[in-house]
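Geometric and topological summary
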There are 2 protein chains.
Amino acid sequence: MGFEDKIRRVVPYVPGEQPKADNIVKLNTNENPYPPSPSVRETLKRFDADSLRLYPDPAASVLVHAIAEYYGLRDEEVFVGVGSDDVLAMCMMTFFNSEMPVLFPDITYSFYDVWAELFRIPYEQIPLDDAFHIVPGDYLKPNGGIIFPNPNAPTGSLLPLDTVRSIAAGSPDSVVIVDEAYVDFGGESALPLIREFPNVVVVQTFSKSRSAAGLRIGYAMADASLIRYLNDVKYSFNSYTMNRLTIEAGAACIRDEAYFRSCCEKIMATRERTTAALRDMGFRVEDSAANFVFASHPGVMGRYIFEYLKTRNIYVRWWDKPRISSYLRITIGTDRQMDILLDALRDYLGAVPS
Amino acid sequence: MGFEDKIRRVVPYVPGEQPKADNIVKLNTNENPYPPSPSVRETLKRFDADSLRLYPDPAASVLVHAIAEYYGLRDEEVFVGVGSDDVLAMCMMTFFNSEMPVLFPDITYSFYDVWAELFRIPYEQIPLDDAFHIVPGDYLKPNGGIIFPNPNAPTGSLLPLDTVRSIAAGSPDSVVIVDEAYVDFGGESALPLIREFPNVVVVQTFSKSRSAAGLRIGYAMADASLIRYLNDVKYSFNSYTMNRLTIEAGAACIRDEAYFRSCCEKIMATRERTTAALRDMGFRVEDSAANFVFASHPGVMGRYIFEYLKTRNIYVRWWDKPRISSYLRITIGTDRQMDILLDALRDYLGAVPS
């Protein structure tokens, strides 16, 4: 047995392209088209670079406290990580530690099964219905845990809080993780449920609604005892994951409520306008509560539109996967970016430019 | 079986204290007393905060390239992570994936056994000899992998390159990881061995010699095929771990060779002076090739000295562990910091102040 046989082989997650060219319309990774709060820039300007010689606070207390304060929680109820990917991976590693299958939708964030494979967690993918909605009753079976995004990705479809509550109530013997990466664009957070259920974890991120994908901040909110288990695993893995710059910039970011609200509102307005325009062109567009829309055209295969848009320097997301291969996931950018997209689609579909 | 039974319980690694008070002499976590290269400050000043709305380059190409260029490697031979803890954890998860025990010293970096437990990797701790040295012959047995720091922590003792080569040569069927967190303070890197052995991985960090513990950058250098496996696992875990600020600041940091050399030289000179002064006071001090010394006093228990120093606002590291409980690990700070320490020790030991 050579050293190669002792190496773990995994099929890696393939993130959306990050083309390095300027001058592209980048609507493929659900980034926010607006820059982060000006307070982030100010914080970085004031930052004492000499302090980088020291390790950061392993508890990232300044950031944890800013998040707790924002949501009216105690610091002990908040866990932070390097993007919600880090937080979700730690959650799965910590909370899904049984022999029973973890449940998540078949069409959902494509990292869940990658993590389950990596951590050797048994899992079962529960099909969405034909309208691409989660069927809450399907989750009422013995399980090792439940995880789903709300709004779901890549569909953008939202479960109302009562439905999320019913899923949590149906699995008192497992941890239920609600991945709310996109909740600020019109969804209702399950955060109140952490008071009702000791087994509910709500995960959010700075990468979408707070315009800070480049900072890498995600967070989990739950009963203090769950947060403690999460921290124990995190400290066993890497004590110092949040660097000094991120801790300071992140705290400044979440304190700027007015700016955050105004960005979210602009994106929601642009989303509604874009949805209407796409439907006018004959696209089927799911109702979205996220900063993206999920759209297919009855006349043209998703792949063709995807490839055509690339030739126009417009990047959207398309998956060569069962059930969704006719769809495109289109991030909501600025109004101007969406106009460029819509014009390109009109050209492609041969419709008369408006 | 309730949800609590499905939760993974770990005994977390306890990092050295990060006291938040000013006005302390912090010699407990092997930070560099000198600030990072001025080019880091300049890079942060020039940094475009608006770009934080976008995800970072998942491959951190700018930083990978700067590191590769520095060492005369190809980019494909370099892997970067969030501190060497992240890199070492990924290495263990990737390369130590067999049923055979992984070997590491009994007295060593205290994270190795924590990771082995977390990833359920069988392991065997090989005792150092009575002089606290690694005995290379002890590693000549069937194993699932080998990992050791060189210089070793917390002893600071160095293996010559030929000895490291003999350990690598003795285990062609396992991956051998040389953790060189402290190598820049007088050690000889095993980097040339990655050309001789396809199974050797060399890990280094920006946290000690490059004065950037607060940035969180570690890196692995190895044959391109090993780096590819490592990246596959990393991308399965979290695609975007290095944030935009870190990538830019890190690249600037490693390019400033003159500043780096001068800091390392100052620390080595201070270490030699401190070692001599401690020996004059009756301490037994191991020869150190790191930015810390490992010292015990025949007359006083380590714990007492440790507690006394805290009352003087001086923090060093002490472990309540077999074999080393009489020792203190003392980070090398500035000359002035070491003078404060030495004065306090003289007071404590009742010696005449020099």
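This structure is a prediction, so every number in the text was calculated from the model and none was measured. (Residues numbered from 1 in each chain as written. Chains lettered and ligands numbered in written order. Predicted model: local features only at pLDDT ≥ 70, side-chain atom pairs only at ≥ 80, totals over all residues.)

**Remarks on the interface of chain B and chain A**
Rules: Residues are treated as contacting if the C-beta atoms built from their backbones sit within 7 Å of each other. Secondary structure follows DSSP: runs of H or I at least 4 residues long count as helices, runs of E at least 2 residues long count as strands, and numbering of each begins at the N terminus. Here the term charged refers only to Asp, Glu, Lys and Arg, the term nonpolar to Ala, Val, Leu, Ile, Met, Phe, Trp, Tyr, Cys and Pro, and the term polar to all other amino acids, Gly among them.
Each partner contributes residues to the interface: chain B has 71 residues there, and chain A has 71 residues. Taken together, the elements giving at least two residues each to the side of chain B that touches chain A come down to α1 (38-46), α3 (83-95), α4 (112-118), α7 (224-237) and α8 (244-255) of chain B. Looking at the side of chain B that touches chain A residue by residue, the classes come out as 36 nonpolar, 21 polar and 14 charged.

**Thoughts on the relation of the copies chain B and chain A**
Heads up, the rule is: A residue counts toward the fit only if its pLDDT is at least 70 in both copies, and the copies are then superposed by least squares on the C-alpha atoms of those residues.
It takes a turn of 180 degrees to lay chain B on chain A, together with a shift of 0.0 Å along the axis; the resulting RMSD is 0.0 Å. In the structure described here, the two chain copies are related by an operation that fits a two-fold rotation axis. Taking C-alpha positions as reference, the residue of chain B nearest the rotation axis is lysine 45 of chain B, located at 3.1 Å. Mapped onto chain A, 100% of the interface residues of chain B again fall at the interface, so both copies present the same surface.

**Section: unusual backbone geometry**
Going from asparagine 150 of chain A to proline 151 of chain A, the amide bond is cis rather than trans, its omega being -5 degrees. Topologically, proline 151 of chain A is positioned in the loop between β5 (145-149) and α5 (161-170). One non-glycine residue, arginine 120 of chain B, adopts positive backbone phi at about 55 degrees. Locating arginine 120 of chain B in the fold gives a position in the loop between α4 and β4 (123-126). Even without a glycine there, the phi angle at arginine 216 of chain B is positive, about 65 degrees. Examined against the element boundaries, arginine 216 of chain B turns out to sit in the loop between β7 (200-205) and β8 (218-221).

**Quick word on the sheet that holds β7 of chain B**
Residue and element names in this part refer to chain B. To keep it simple, the criterion reads: By definition, two strands form a pair when at least two bridges between them are found by DSSP. Axis definition: a line fitted to C-alpha atoms, limited for helices to the stretch in contact. Angles are taken between N-to-C directions and run from 0 to 180 degrees.
Here seven strands make up an open sheet; going across it, the order is β2-β8-β7-β6-β5-β3-β4 and the pairing mixed. Both edges of this open sheet fall to β2 (78-81) and β4, since each of them pairs with a single strand only. Along the sheet, successive strands turn relative to each other by an average axial angle of 20 degrees, direction set aside. Bridge count between strand β6 (residues 176-179) and β7: four bridges; the pairing is parallel. Counterpart to aspartate 179 in the pairing with β7 is valine 203. Packed onto the sheet, α7 meets β2, β7 and β8 and runs at close to 30 degrees relative to β2.

**Considerations on the environment of methionine 93 of chain A**
Residue placement: methionine 93 of chain A occurs in helix α3 (residues 83-95). Contacts of methionine 93 of chain A, omitting those with residues within four sequence positions, involve Phe119 and Val233 of chain A together with Arg8 of chain B.

**As for helix α2 (residues 61-71) of chain A**
An α-helical turn contains 3.6 residues, so any two residues separated by three or four positions project in the same direction. Heads up, the condition is: Residues with at least 20 neighbouring C-beta atoms inside 10 Å of their own are called buried, those with 12 or fewer are called exposed, and the rest are partly exposed, where every C-beta is derived from the backbone. Here the arc refers to the set of directions running from the helix axis out to each C-beta atom.
Restricting attention to buried positions, one finds in α2 of chain A the residues Leu63, Val64, Ala66 and Ile67 of chain A. Seen end-on, α2 of chain A carries its buried residues on one side only, within an arc spanning 160 degrees.

**Side note on the domain arrangement of chain A**
All names here are of chain A. Worth spelling out the cut-off: The domain limits used here are those given by an automatic or database domain assignment.
Partitioning chain A into structural domains gives domain 1 (3-35 + 258-349) and domain 2 (38-255). Here the C-alpha centre of domain 2 lies 23 Å away from the C-alpha centre of domain 1. When residues of the side of domain 1 that touches domain 2 are traced back to their parent elements, those giving at least two are α9 (257-280) and β10 (292-296).

**A few points about the nonpolar core**
Selection rule: Note on terminology: a nonpolar core is a set of buried residues of type Ala, Val, Leu, Ile, Met, Phe, Trp, Tyr or Cys, with members joined through C-beta atoms within 7 Å.
In this structure, Cys91 and Val200 of chain A together with Cys91, Val200 and Ala220 of chain B are the most contacted members of the largest nonpolar core, which totals 248 residues. Each residue touching cysteine 91 of chain B, except ones within four places of it in the same chain, is listed here: Ile177, Val201, Val203, Ala220 and Leu230 of chain B.

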